[in-house]
Amino acid sequence: MIKIKDKTFELFISNKEIKLKTNKIVKSLQECYVDKNPIFFIILDGAFVFGADVFQKCKIKNSEVEFMKLKSYDGLENTGSLKTILKSNKQIKNRNVIIIEDIVDSGFTINHIVKMFKKENAKTIEVVSLLYKPNNYNYNHNIKWYGFEIPNDFVIGYGLDYNGIGRELNEIYKLKIKT
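Residues numbered from 1 in each chain as written. Predicted model: local features only at pLDDT ≥ 70, side-chain atom pairs only at ≥ 80, totals over all residues. Heavy atoms only, no water.

Right, let's talk about the overall build of the chain for a bit. Counting its regular elements, the chain contains 3 helices and 10 strands. Listing each helix as α and each strand as β along the chain from the N terminus yields β-β-α-β-α-β-β-β-α-β-β-β-β. Taken over C-alpha atoms, the radius of gyration comes to 16 Å for the chain, in line with the 16 Å a tight globule of 179 residues would show. For the chain, buried positions account for 47% of its 179 residues. Across the chain, every contact between residues at least 6 apart in sequence was considered, and the portion connecting residues at least 24 apart equals 68%. Total accessible area on the chain is roughly 9600 Å²; 48% of this is exposed by carbon and sulfur atoms. Taking the 29 positively charged and 21 negatively charged side chains of the chain as two groups, their mean positions are separated by 4 Å. (Helix = DSSP H or I, 4+ residues; strand = E, 2+ residues; numbered from the N terminus. Rg over C-alpha atoms; globule rule 2.2 N^0.38 Å. Buried < 20%, exposed > 50% of the residue type's maximum accessible area, 1.4 Å probe, protein only. Contact = heavy atoms within 4.5 Å. Areas by Shrake-Rupley, 256 points an atom, 1.4 Å probe, with all protein chains shown as cover. Lys, Arg positive; Asp, Glu negative; His and termini not counted. Charge placed at Lys NZ, Arg CZ, Asp CG, Glu CD.)

Moving on: the pairing of strand 7 (residues 124-132). Most of strand 7 is tucked away: 8 of the 9 residues are buried. As defined by bridge partners, strand 6 (residues 96-104) adjoins strand 7 across 8 bridges and the pair is classed as parallel. Bridged to I99 within strand 7 is V127. Handedness of the strand 6-helix 3 (residues 108-119)-strand 7 crossover: right-handed. In terms of strand pairing, strand 7 meets strand 8 (residues 145-149) through 4 bridges, oriented parallel. Paired with Y132 across the two strands is E149, which belongs to strand 8. (Pairing = 2+ DSSP bridges. Right-handed = clockwise from strand over helix to strand, strands pointing away.)

Evaluation of the coordinates by the stated rule reveals 8 salt bridges. Where K69 meets D45, a salt bridge forms, and the shortest distance between an N and an O atom there is 3.2 Å. Taken together, the residues span a long stretch of sequence, with K69 in strand 4 (residues 64-74) and D45 in the loop between strand 3 (39-44) and helix 2 (48-57) at a distance of 24 residues. Classification of D45 by relative accessible area gives partly exposed; the value is 29%. (Salt bridge = Lys/Arg side-chain N within 4 Å of Asp/Glu carboxyl O.)

Judged by nonpolar contacts, the single largest core of 26 residues is most densely connected at L29, I100, L131 and I172. Elements represented by at least two residues in this core include exactly helix 1 (15-33), strand 3, helix 2, strand 6, strand 7 and strand 8. Setting aside residues up to four positions removed in sequence, L131 forms contacts with I13, D102, I103, V104, F148, I150, V155, L160 and I172. F41, I43, L70 and I92 belong to the second largest nonpolar core, which has 20 residues in total. (Core = buried A, V, L, I, M, F, W, Y, C linked by side-chain atoms within 4.5 Å.)

On to the packing of aromatic side chains, then. With the rule as written, the count across this model stands at 9 aromatic pairs. Aromatic pair F9 and Y162: ring centres 6.2 Å apart, planes at 55°, arrangement tilted. With F9 in strand 2 (residues 7-13) and Y162 in the loop between strand 9 (155-156) and strand 10 (172-175), this residue pair connects regions lying 153 residues apart in the sequence. Judged by its relative accessible area of 0%, F9 falls in the buried class. Judged by relative accessible area, Y162 falls into the buried class, the value being 6%. Aromatic rings pair up to connect Y132, Y137, Y139 and Y146 into one cluster. (Phe/Tyr/Trp six-rings, centres within 6.5 Å; stacked < 30°, edge-to-face > 60°.)

With that out of the way, let us pick up the sheet that holds strand 2. Reading across from one edge, 1-2-10-9 is the order of the 4 strands in this open sheet, with antiparallel pairing throughout. Where the open sheet ends on each side, the last strands, each with one partner, are strand 1 (2-4) and strand 9. Here strand 1 pairs with strand 2 via 3 bridges, running antiparallel. Directly across from I2, in strand 2, lies its bridge partner F9.

Below you can see the structure in the form of structure tokens.
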């Protein structure tokens, strides 16, 4: 158990489990995108650890990496609005786009990003996420690659945070509910 600010979190997913899932995702990406020079868009801040792991391990010839930063959370709550803070000016027309996310919850953020890339005429758009909450997901875009299906728990670690704290943890922790 760890305590961050006013909340207690318990171990949920070990670093070993994360590495095993990441390696499986990378292998699949390499098979699908060999000779397709994809462009990876890592969504900041939460996906920077997972995204770096995926991109570094993915030995796909002529692939590129870019970053986007959007904000929809305040503490434990999703604000219901999305603010774009950083967006690449990279030309993506007729490119294979791979969006790397830390967590797909309702799908609000992913839906926004997919629509944006469709308007820019990306050739293909796929999502890779470390965590996925299928019971919360409200949109139609297929989440083709993800590490773990999780329930509606609040999680931190491996890039995910609670009010900016906990990103450095190399495992995933979930909020401990007081009983």
